[in-house]
Amino acid sequence: MEVSLKQPTYLGAAAGGRVLDGLIKRGAGEPIQSVIWVSDLRGFTDLSERLSGPDMITLLNVYFGCLAGAVLDQGGEVLKFIGDGLLAVFPFASFETEQAAAQAALTAAEQAYSDLERLNATPPAEITTIAGWHPLRTGIALHEGEVFFGNVGAPGRLDFTVIGRAVNAASRVEALSKSLGRTILITETVAARLDRPLDDLGRHPLRGVAQPVAIFSPRLA
């Protein structure tokens, strides 16, 4: 089956556009300011050890349908599926204001959570025969910073991605969702752009970050 580069199925809209514009040279890219989304499926190791390969792929497809669908619905750019992980960005340049980008990222995170809860309550037919998958849980981190969006890799295998300290920090914030018991964690730089009440979860040390980072979460009812 022939796949057209005009379709963003594999690369995403932003990366696909850069390929079509000819920006496919190794090392080509640009720094961007964005809200960074990092998420992981809870209990993935246990699931992957208990489920067959086809069942695990089916489950991941349904799970990512909730998360990636929410990101795309709110104008974000899905960059990577890494095992059970999802990396996405909400570039400031894609929104009217930085505040709008931050709000879109949080709206997407809350939509993903709600969609996942509905999936758990009313699973689609393709996963109802998979034993022991229920329920699916996730952790989502939203962080802000400059990242390098570009083409990296070996001469024979290139990939569009984002790299930078902000991506590493977002990943480490996401890891805190287990110990803090919250699905969505927001760093103070993103929280400062949001005009809504948030729960202050305190300052937490992150490996590789000089100072503890203040973490917030959507206010519980």
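Residues numbered from 1 in each chain as written. Predicted model: local features only at pLDDT ≥ 70, side-chain atom pairs only at ≥ 80, totals over all residues. Heavy atoms only, no water.

1. Some words on the overall build of the protein
Counting secondary structure elements, the protein contains six helices and eight strands. Each helix and strand of the protein, placed in order from N terminus to C terminus, yields the pattern α-β-α-α-β-β-α-β-β-α-β-α-β-β. Expressed as a percentage of the 221 residues in the protein, the buried residues total 46%. When contacts within the protein are restricted to residue pairs at least 6 apart in sequence, those whose partners lie at least 24 apart make up 65%. (Helix = DSSP H or I, 4+ residues; strand = E, 2+ residues; numbered from the N terminus. Buried < 20%, exposed > 50% of the residue type's maximum accessible area, 1.4 Å probe, protein only. Contact = heavy atoms within 4.5 Å.)

2. A short note on the packing of aromatic side chains
Across all of its chains, the model carries three aromatic pairs by this definition. Of the aromatic side chains, those joined through ring pairs into one cluster are Y63, F64 and F81. (Phe/Tyr/Trp six-rings, centres within 6.5 Å; stacked < 30°, edge-to-face > 60°.)

3. Points about the environment of E144
The topology assignment puts E144 in strand β4 (residues 138–154). Between the C-alpha atoms of E144 and W37, which are 107 residues apart in sequence, the distance is 9.0 Å. Within the local environment of E144, its side chain forms a polar contact with the side chain of R193, the two groups lying 2.7 Å apart. (Polar contact = N/O pair within 3.5 Å; in protein donor to acceptor, adjacent residues only side chain to side chain.)

4. Describing the pairing of strand β2 (residues 77–82)
Across a regular strand the side chains alternate sides, sitting on one face of the sheet and then on the other. In this structure, β2 lies alongside strand β3 (residues 85–91), joined through five bridges in antiparallel fashion. Within the sheet, the bridge partner assigned to K80 lies in β3 and is L87. In this structure, the hairpin formed by β2 and β3 is closed by a connection of two residues, where G83 is found at a positive phi of approximately 60°. (Pairing = 2+ DSSP bridges.)

5. Considering the pattern of salt bridges
All chains considered together, the criterion is met by nine salt bridges. Across the pair R182 and D199 runs a salt bridge, and its minimum N-O distance is 3.0 Å. Of this pair, R182 sits in the loop between α5 (165–180) and β6 (184–187) while D199 sits in strand β7 (residues 198–204), and the two are 17 residues apart along the sequence. Ionic pairing is found between E188 and R203, a salt bridge with its closest N-O pair at 3.3 Å. Placement of E188 in helix α6 (residues 188–191) and of R203 in strand β7 is noted, with a sequence separation of 15 residues between them. When salt bridges that share partners are traced, they join R182, D199 and R219 into one network. (Salt bridge = Lys/Arg side-chain N within 4 Å of Asp/Glu carboxyl O.)

6. Some remarks on the nonpolar core
Ranked by size, the top nonpolar core spans 46 residues in total, and within it W37, F90, L136, L142 and I186 carry the most contacts. Ranked by residue count, the leading element in this core is helix α3 (residues 53–73), at eleven residues. Dropping the residues within four chain positions of it, I186 is found in contact with L106, L142, A191, L194, L198, A214, I215, F216, S217 and P218. (Core = buried A, V, L, I, M, F, W, Y, C linked by side-chain atoms within 4.5 Å.)

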